[in-house]
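Each chain, letter by letter, is given below.
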Amino acid sequence: MNKREGGKILTVGLSGGRTPSDLYDFVAGCPREFPWEIIHMFLVDERFVPIDQPESNYKLIEDHLLKPLALSGNTIHPVMTEGLSMDEAAAKYESDLHAFFSSPPDVPSFDLILLGIGDDGHTASLFPGARELNEDTRLVVPVKTDRIPHERITMTLPLINNARNVVFFVTGKNKALIMKKLLYGRNAELPASRVRPTKGSLKYVLDDDAFSNLDFDSITGDVLVEDYR
Ligand code: 6PG
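Residues numbered from 1 in each chain as written. Predicted model: local features only at pLDDT ≥ 70, side-chain atom pairs only at ≥ 80, totals over all residues. Heavy atoms only, no water.

On to the pairing of strand β9 (residues 201-206), then. Relative to β9, strand β8 (residues 165-170) runs parallel, the two sharing six bridges. For V166, the partnering residue across the bridge sits in β9 and is L202. (Pairing = 2+ DSSP bridges. Helix = DSSP H or I, 4+ residues; strand = E, 2+ residues; numbered from the N terminus.)

Here we come to the packing of aromatic side chains. Scanning all chains against the criterion turns up eight aromatic pairs. With a centroid separation of 5.7 Å and an interplanar angle of 75 degrees, the aromatic rings of F100 and F101 are classed as edge-to-face. F101 carries the same exposure label as F100, and that label is buried. (Phe/Tyr/Trp six-rings, centres within 6.5 Å; stacked < 30°, edge-to-face > 60°. Buried < 20%, exposed > 50% of the residue type's maximum accessible area, 1.4 Å probe, protein only.)

This paragraph deals with the side chain of S15. Tracing the chain through its elements places S15 in the loop between β1 (10-14) and α1 (19-28). Under the relative-accessibility criterion, S15 is labelled buried at 5%. Beyond its immediate stretch of four places on either side in the chain, S15 contacts P20, Y24, V44, D45, L60, L114, L115 and G116. (Contact = heavy atoms within 4.5 Å.)

Another point: the site of the ligand. Inspection of the region around the ligand gives 16 residues, with R18, T19, H122, A124 and K175 positioned closest. Between the ligand and D45, the relevant distance is 2.7 Å, taken from an oxygen atom to a side-chain nitrogen or oxygen of the residue. Within the backbone of A124, one N or O atom sits 2.6 Å away from an oxygen atom of the ligand. Broken down by secondary-structure element, the contributors of at least two residues to the shell around the ligand are α1 and β3 (45-47). (Near = heavy atom within 4 Å. Polar contact = N/O pair within 3.5 Å; in protein donor to acceptor, adjacent residues only side chain to side chain.)

Across soluble globular proteins, nonpolar side chains have a tendency to be buried as a group. Ranked by internal contacts, the top residues of the largest apolar core, which has 67 residues, are M41 and L65. Looking at which element gives the most residues to this core, the answer is helix α3 (residues 86-101), with seven residues. Setting aside anything within four residues of it in sequence, one finds L65 in contact with L14, Y24, V27, A28, W36 and M41. (Core = buried A, V, L, I, M, F, W, Y, C linked by side-chain atoms within 4.5 Å.)

Another aspect to go through is the pairing of strand β7 (residues 152-155). Both faces of β7 are covered, namely the face carrying R152 and T154 and the face carrying I153 and M155. Pairing of β3 with β7 involves three bridges; the strand directions are antiparallel. Residue pairing in the sheet places D45 in a bridge with T154 of β7. Where strand β6 (residues 140-143) and β7 come together, four bridges link them in antiparallel fashion. Bridge pairing in β7 places V141 opposite T154.

Attention now moves to the pattern of salt bridges. Under the defined criterion, the tally for this structure stands at eight salt bridges. For D209, the salt bridge is made with K173, and the minimal N-O distance between the two is 3.9 Å. Pair noted here: D209 is in helix α6 (residues 208-211) and K173 is in the loop between β8 and α5 (176-185), with a separation of 36 residues, a long-range link. A relative accessible area of 34% means that D209 is categorised as partly exposed. When its relative accessible area of 55% is taken as the criterion, K173 is described as exposed. Each of K59, D63 and K67 takes part in a single network of salt bridges with overlapping partners. (Salt bridge = Lys/Arg side-chain N within 4 Å of Asp/Glu carboxyl O.)

This part covers the sheet that holds strand β5 (residues 112-115). Ordered by their spatial adjacency, seven strands build an open sheet running β4-β2-β1-β5-β8-β9-β10, and the pairing between neighbours is parallel. In the strand order of this sheet, the two ends are held by β4 (76-77) and β10 (222-225), each with one partner. Contacts between helix α2 (residues 57-69) and the sheet are confined to β1, β2 (39-43) and β4, with β2 contributing the most and set at about 150 degrees to the helix. Running at roughly 150 degrees to β9, α5 makes contact with β8, β9 and β10 of the sheet. (Axes fitted to C-alpha atoms, helices over the stretch in contact; angles between N-to-C directions.)

What follows deals with the environment of D63. Here D63 shows up in helix α2. In sequence terms D63 and S103 are 40 residues apart; their C-alpha atoms lie 30 Å from each other. Polar side-chain contacts of D63 include one of 2.7 Å to the side chain of K59.

All right, on to unusual backbone geometry then. For the bond from P104 to P105, the omega torsion is 0 degrees, close enough to zero to count as cis. Of note in the backbone geometry, S102 takes a positive phi value of approximately 50 degrees without being a glycine. Note on placement: S102 falls in the loop between α3 and β5. You will see that A124, though not glycine, has its phi angle at about 50 degrees, which is positive. For A124, the location among the structural elements is in the loop between β5 and β6.

Structure below.
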């Protein structure tokens, strides 16, 4: 099914890592709050490992959302990380996106993209100084570097910045410094500072710890401090 045939659906891009698992657990605890049957989930990035491996972002979403909510596999769209080279996997995911959104030659526009941030300011699998940051044509690219654990596949800024809503979800004291650099400094070296939706909204949802180096009087940006636990 593609978006046009499927009637009203919602498209979300989900990130991996440790932070979102708490959020996914929280959301899975209130199943009636969301129209799960029409929410189509995609991966903002994926480690290039089999999807049954603990490092897999698909497995994180499966364990913390799909299984608890008993969702069928019809509404999640994993990156194919077996049987293809990284370049082939990235190209296939991009063509899967175009097929689902019926979008070529336009850039698909997600209803929501959920991002995290690393303490070096990376987001998705876009790392400081990486050439993928300057990708202005491809929507999904392979990330091959020995600087990070696991080779990865990632959405690029043209796709992320075309979303209707982008939300950074950040928790923990260990993210307080990078959030200060991001929200005070607008440091262009930080990949997360390159997330500037062209038409959509950008929000930062932080817990108290991640907010602890900030104050509302001196930051720019739409920041919500929510301690949802
Ligand atoms: C990934 C994520 C990545 C993550 C940050 C923060 O695949 O790891 O997409 O961008 O959001 O690395 O990770 P933590 O939430 O584990 O701190």
